[in-house]
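Observations on the three-dimensional arrangement
Now for the letters of each chain:
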Amino acid sequence: MNMYRWIEKMIYADEKKPMPILSFPSVQLLCVTVKELVADSNYQALGMKMLADKYDTAAAVSFMDLSVEAEAFGARCVYAADEVPTIIGNIVKTEEEAERLKVPEVGAGRTGVCLEGIRKALKLITDRPVFAGCIGPFSLAGRLMDVNEVMLYCYEEPDMVHTILRKVTDFLIAYILEYKKTGAHGIVMAEPLAGMLSPQLMEEFSSAYVKEIVEKTQDQGFAVIYHNCGNYVIQLIDQILDTGCLIYHFGDSIDMKEMMQRIPKDCLAMGNVSPSAQFLNGTPSSVRIETMRVLENCKEFPNFIVSSGCDIPPLTEFENIDAFFDTAKSFYYKQHLLDMIV
């Protein structure tokens, strides 16, 4: 599939199909726990297929599990039945430990499970693009050094941070290239921790490394989708766009209309109905209202695709997800009728 043409088709389509980060709620359809899901490639592929059959999405998106790569490096991962796994503590505190840190082989830990999950999902989902998922370089480095300490290290131990970033970037490039070999059409790269940096630090410790990853992996058959749900991404947009990604995805802490004014017309941008306030804790009525608000605010931008602001939590009620899709379909149907009578 030519992703340049797919993006162009999305931009010029009269009806924009939603593309939420929708994967973990598949545990409800599979009748398994999150812990079982993240450890089993068959469950991952079947879950993606069941959601693709249930919802007419622009693409099928894999699981936004930001613990996978850090665990492969040796970080401690905590699992729960109904929550996405998380990394606790750190494994790097000094320059010497950074130098000794071993870069794992692609396939180590659960990276092999995720690769197999996408390979199997591609056999089941053939009517739309299938996007894999991975963490971004600064967000991965932060999980190895402790997300609460890495900001301080950027000021006090920048060489140590760059040592880690060099290693994780090399790993991510190799990992993403393996996803390309499976036939995946792209990857959603989550770099939320970088959303806390200043523009100068963002360029030095995140965007420069993301740009390298994009240059070595993205082509007409494979798109890199940059995700950042940080609070200050509008102020960081120049550094984010400098990465060269084809598609951008943003969280619900920003004004999506203001962001769209800064996005190049030939790039797609997605967001930003709240996964927690609306999908998980809202009602069908509140989801409809918020989805309509986002759509109305961004309707002047043909390159906007409505989405969730981040990954939708595992135990989200399907009634709320249904309301999101129904609202989007109704919105574009109404726009079509208005175009006919004007």
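The structure reproduced in this document is the subject of the present report. (Residues numbered from 1 in each chain as written. Predicted model: local features only at pLDDT ≥ 70, side-chain atom pairs only at ≥ 80, totals over all residues. Heavy atoms only, no water.)

1. Quick look at the overall build of the protein
What counts, and what does not: Each helix corresponds to a stretch of at least 4 residues labelled H or I by DSSP, and each strand to a stretch of at least 2 residues labelled E; elements are numbered beginning at the N terminus. The size measure is the radius of gyration over C-alpha atoms, and the globule rule it meets is 2.2 Å times the number of residues to the 0.38 power. Three exposure classes are used, based on accessible area relative to the maximum for each residue type with a 1.4 Å probe and protein chains only: buried under 20%, partly exposed in between, and exposed over 50%. We call two residues in contact when some of their heavy atoms are within 4.5 Å. Reported accessibility uses the Shrake-Rupley method at a 1.4 Å probe radius. Residues are deemed covered only where the shown protein chains occlude them. His is not counted, nor are the chain ends; Lys and Arg add positive charge and Asp and Glu add negative charge. The atoms used to mark charge sites are NZ of Lys, CZ of Arg, CG of Asp and CD of Glu.
Check the secondary structure of the protein and you find 16 helices and nine strands. For 342 residues, the compact-globule estimate of 2.2 N^0.38 gives 20 Å, and the protein sits close to it at 19 Å. Projected onto the principal axes, the alpha-carbon positions of the protein cover approximately 70 × 45 × 35 Å. Within the protein, the proportion of its 342 residues that are buried is 57%. Nonlocal contacts in the protein, meaning residues at least 24 apart in sequence, comprise 75% of its contacts between residues at least 6 apart. For the protein, the computed accessible surface area is about 14,200 Å², with 50% contributed by carbon and sulfur atoms. Between the mean site of the 31 positive side-chain charges and the mean site of the 47 negative ones, the protein shows a separation of 6 Å.

2. Observations regarding the environment of Asp170
Put simply, the rule is: Polar contacts here mean pairs of N or O atoms no more than 3.5 Å apart (in protein, one a potential hydrogen donor and the other a potential acceptor; neighbouring residues in sequence count only if both atoms are side-chain atoms).
Its place among the elements puts Asp170 in helix H10 (residues 158–182). Taking the C-alpha atoms as reference points, Asp170 and Glu212, separated by 42 residues in sequence, lie 9.6 Å from one another. Polar contacts involving the side chain of Asp170 include one to the side chain of Arg166, which spans 2.8 Å.

3. Section: the packing of aromatic side chains
Put simply, the test is: Only Phe, Tyr and Trp rings take part, Trp by its six-membered ring, and two of them pair if their centres are within 6.5 Å. Stacked means planes under 30 degrees apart, edge-to-face means over 60, and tilted covers everything else.
For the structure shown, the criterion picks out 10 aromatic pairs. Arranged with centres 5.6 Å apart and planes meeting at 25°, the rings of Phe171 and Tyr175 form a pair that is stacked. With Phe171 and Tyr175 both in helix H10, this residue pair falls four residues apart, about one helical turn. Residue class for Phe171 comes out buried when judged on its relative accessible area of 1%. Since its relative accessible area comes to 1%, Tyr175 is described here as buried. Taken together, a centroid distance of 4.9 Å and an interplanar angle of 50° make the contact between Tyr175 and Tyr179 tilted. Of this pair, Tyr175 and Tyr179 both sit in helix H10, four residues apart, which is roughly one turn of that helix.

4. Looking at the pairing of strand S4 (residues 130–135)
What counts is decided by this rule: Strands are labelled as partners when DSSP assigns at least two bridges between them.
The element S4 is largely enclosed, with a buried count of six among its six residues. Alternating positions in S4 separate into two faces, Val130, Ala132 and Cys134 on one and Phe131, Gly133 and Ile135 on the other, with burial throughout. Here two bridges tie strand S1 (residues 60–61) to S4, and the two strands are oriented parallel to one another. Across the sheet, Val61 pairs through a bridge with Phe131, a residue of S4.

5. Some details on the side chain of Asn228
Relative to the helices and strands, Asn228 is located in strand S6 (residues 223–228). You can call Asn228 buried: its relative accessible area is 0%. Beyond its immediate chain neighbours, meaning those up to four positions away, Asn228 contacts Glu191, Pro192, Ala194, Gly195, Met202, Val233, His249, Phe250 and Gly251.

6. Digging into the packing of helix H4 (residues 41–54) against helix H7 (residues 111–124)
Pairs of packed helices are described in terms of their axes, by the angle between the two and the distance that separates them. Rules: Axis definition: a line fitted to C-alpha atoms, limited for helices to the stretch in contact. Angles are taken between N-to-C directions and run from 0 to 180 degrees. Under this scheme an angle from 65 to 115 degrees is roughly perpendicular, one under 35 degrees roughly parallel, and one over 145 degrees roughly antiparallel; angles in between are oblique. A clockwise turn of the near helix away from the far one marks a right-handed crossing, whereas an anticlockwise turn of less than a right angle marks a left-handed crossing. Asp, Glu, Lys and Arg are counted as charged, while Ala, Val, Leu, Ile, Met, Phe, Trp, Tyr, Cys and Pro are counted as nonpolar; the rest, among them Gly, fall into the polar class.
At a minimum axis distance of 8 Å, the contact between H4 and H7 shows a crossing angle of 40°. By the angle between their directions, the pair H4 and H7 is classed as oblique. Helix-helix and strand crossings are classified by hand; for H4 and H7 the assignment is right-handed. Mapping the contact onto sequence places Ser41, Asn42, Gln44, Ala45, Leu46, Met48 and Lys49 in H4 and Val113, Cys114, Glu116, Gly117, Ile118, Lys120, Ala121 and Leu124 in H7. Of the residues assigned to the contact of H4 with H7, the class counts are eight nonpolar, four polar and three charged.

7. Thoughts on helix H8 (residues 137–145)
Counting buried positions over the nine residues of H8 gives nine, a clear majority of the element. Along H8, the positions that sit buried rather than exposed are Pro137, Phe138, Ser139, Leu140, Ala141, Gly142, Arg143, Leu144 and Met145. Phi turns positive, to about 85°, at Asp146, one or two residues after H8.

8. Quick look at the pairing of strand S8 (residues 268–273)
Of all six residues that make up S8, six are buried, and the element is covered over most of its length. Bridge analysis of strand S7 (residues 247–250) against S8 gives three bridges, and the strand direction is parallel. Within S8, the position partnered with Ile247 by the bridge is Leu268. One ladder, built from five bridges, connects S8 with strand S9 (residues 304–308); its direction is parallel. The partner of Met270 across the bridge, within S9, is Ile305.

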